[in-house]
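Residues per chain, in single letters:
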Amino acid sequence: QVQLVESGGGLVQAGGSLSLSCAASGTFIRINVMGWYRQAPGKQRELVATMTRGSSTNYADSVKGRFTVSRDNAKNTVYLQMNSLKPEDTAVYYCNADIQVRVLPGTSPYWGQGTQVTVSS
């Protein structure tokens, strides 16, 4: 069984920084894309940043220049460094990974439990 376990998050003042990490555990063949999504109250879940196994990245326009996604393939871990945080960044942040769990080709999406990030003004 595959699990994604997140850590980090919390409360910070506007302009501050936080970092998140997410480690995948269990039995699987490989992890393709890993990244982060967020969901604010009353809003849909949205992409924040993702990184492929080959280190290509994709960022939401709202976080470009402020957030940095990285990963350690050897540790099956993805990170999110968040700088210059704004109140509108307040949300539950979810780790996501596309994981191949069988020898046959194809991946399945897995989600972490979510971690709260609150930015006060």
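Placed above this text is the structure.
Summarised in this report is the structure supplied together with it.

Parameters and conventions
- Residues numbered from 1 in each chain as written.
- Predicted model: local features only at pLDDT ≥ 70, side-chain atom pairs only at ≥ 80, totals over all residues.
- Heavy atoms only, no water.
- Disulfide = S-S within 2.5 Å.
- Helix = DSSP H or I, 4+ residues; strand = E, 2+ residues; numbered from the N terminus.
- Buried < 20%, exposed > 50% of the residue type's maximum accessible area, 1.4 Å probe, protein only.
- Pairing = 2+ DSSP bridges.
- Axes fitted to C-alpha atoms, helices over the stretch in contact; angles between N-to-C directions.

A few words now on the state of the cysteines. Taken as a whole and assessed by the stated rule, the structure comprises one disulfide. Between the sulfur atoms of C22 and its disulfide mate C95 the distance is 2.1 Å. Residues C22 and C95 share a disulfide whose torsion about the S-S bond is about -80°; that sign makes it left-handed. Of this pair, C22 sits in strand β3 (residues 18-25) while C95 sits in strand β9 (residues 91-100), and the two are 73 residues apart along the sequence. C95 sits in the buried class, given a relative accessible area of 0%.

We now examine the sheet that holds β3. Pairing is antiparallel across the open sheet formed by four strands, whose spatial order is β1-β3-β8-β7. Across the chains shown, the open sheet's two edge strands, defined by having one partner strand only, are β1 (3-8) and β7 (67-72). For this sheet the average axis-to-axis angle between neighbouring strands, irrespective of direction, equals 15°. Looking at chain direction, β3 and strand β8 (residues 77-82) are connected through six bridges and run antiparallel. The residue of β8 that forms the bridge with C22 is V78.

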